[in-house]
Amino acid sequence: MAKRKTKPTNQTKQPLFKRIGFIAGKVLLWFFLVTVIWVLAYRFINPPVTLLMIQRNWERKAADKPGKIEKKWVKFEDISDNMKRAAVSAEDQLFLQHMGFDIKAIEKAYASNAKGKKVKGGSTISQQTAKNVFLWPGRSYIRKAFEAYFTLLIELLWSKERILEVYLNVIEMGDGIYGAEAAAQAYYHKSCTKLSRSEAALIAACFPNPLRWTPKKPTGYIRHRQYLIMRNMQRLGPLDF
């Protein structure tokens, strides 16, 4: 007589689910350990390059242009107070108060985007730093989830001074220009330690789209942004870290 084939029972399926759960748990644990070590390392080590810098160089090569990465790291205490205040005034006036996320700004951006006209971000300086240093450029829910995770890590493991220092040293400020020092040299032929209030505000006014706008040829819109940033700098008062 032929033997009947027995259907797999829950008991035979359980080991498979356990193995999958075990492997997933190990992957998550390793991801957590590696990312924590990575973020901790960058608390003391200056990031040498970012994925955005690499992508921009690929884009330049695709357009038959030579590679270009102009950057020079400047310590937090050597960056002009005007540049620090201009960045906070332009991008994240609650930088010293929040833990990485400005909920009101996110809600406002969501409401604006829901209307379908312009995509507006509600990203804080901490979120932008996490994105610039640890992630790839682009817009997706997956990248946003990773951005939120790394934002929490840098808020927990770095000081506010370190976050702003890294931000002002890696942010894109022009075609192949990264960081406040490279921008100050390119646009004003001076170090970022000597930037005036108006110069710093004009650089910060171009942050949203540094490939479209430049302090060398500011449009009327950028001049208006510069004025608003300078007014916010007056209201902001000293940055008490």
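Because the structure is predicted, anything quoted here is derived from the model rather than measured. (Residues numbered from 1 in each chain as written. Predicted model: local features only at pLDDT ≥ 70, side-chain atom pairs only at ≥ 80, totals over all residues. Heavy atoms only, no water.)

Details of the overall build of the protein chain
Move 1: Of regular secondary structure, the protein chain possesses 10 helices and two strands.
Move 2: For the protein chain, the sequential pattern of α-helices and β-strands runs α-α-α-α-α-α-α-β-β-α-α-α.
Move 3: Intrachain contacts of the protein chain at a sequence separation of at least 6 include 68% that bridge at least 24 residues.
Move 4: Here the protein chain has roughly 15,100 Å² of accessible surface; of this, 59% comes from carbon and sulfur atoms. (Helix = DSSP H or I, 4+ residues; strand = E, 2+ residues; numbered from the N terminus. Contact = heavy atoms within 4.5 Å. Areas by Shrake-Rupley, 256 points an atom, 1.4 Å probe, with all protein chains shown as cover.)

Quick word on the pattern of salt bridges
Side chains carrying opposite charge are able to pair once their charged atoms draw close together.
Move 1: In this structure the tally under the stated criterion is 10 salt bridges.
Move 2: Here R56 makes a salt bridge to E59, at a shortest N to O gap of 3.2 Å. Taken together, the residues R56 and E59, both in helix α2 (residues 51-62) and three residues apart, mark about one turn of the helix.
Move 3: Among the residues examined, E59 registers a relative accessible area of 38% and is labelled partly exposed.
Move 4: For E165, the salt bridge identified is with R162, shortest N-O distance 3.3 Å. Placement of both E165 and R162 in helix α7 (residues 160-170) is noted, with a separation of three residues, approximately one turn of the helix.
Move 5: With relative accessibility at 11%, the residue E165 sits in the buried group.
Move 6: Judged by its relative accessible area of 7%, R162 falls in the buried class.
Move 7: Salt bridges sharing partners connect three or more residues here, namely R56, E59 and E172. (Salt bridge = Lys/Arg side-chain N within 4 Å of Asp/Glu carboxyl O. Buried < 20%, exposed > 50% of the residue type's maximum accessible area, 1.4 Å probe, protein only.)

Brief notes about helix α8 (residues 180-188)
Move 1: In terms of burial, α8 is a largely internal element, seven of the nine residues being buried.
Move 2: Buried within α8 we find A180, E181, A182, A183, A184, A186 and Y187.
Move 3: In this structure, the buried residues of α8 make contact with α3 (81-91), α7, β1 (172-174), β2 (177-178) and α9 (197-205).
Move 4: Taken from the residues just after α8, H189 is the one with a positive phi, measuring 55°.

Re the packing of α9 against helix α10 (residues 220-236)
Move 1: For the pair α9 and α10, the least separation of the axes is 8 Å and the interaxial angle reads 120°. With respect to each other, α9 and α10 are oriented oblique. The handedness of the crossing between α9 and α10 is right-handed. Of α10, the residues touching α9 (which contributes R197, S198, A201, L202, A204 and A205) are I222, R223, R225, Q226, I229, M230, M233 and Q234.
Move 2: Across the contact of α9 with α10, the residue classes break down as eight nonpolar, three polar and three charged. (Axes fitted to C-alpha atoms, helices over the stretch in contact; angles between N-to-C directions. Parallel < 35°, antiparallel > 145°, perpendicular 65-115°, else oblique. Left-handed = near helix turned anticlockwise from the far one by under 90°. Nonpolar A, V, L, I, M, F, W, Y, C, P; charged D, E, K, R; others polar.)

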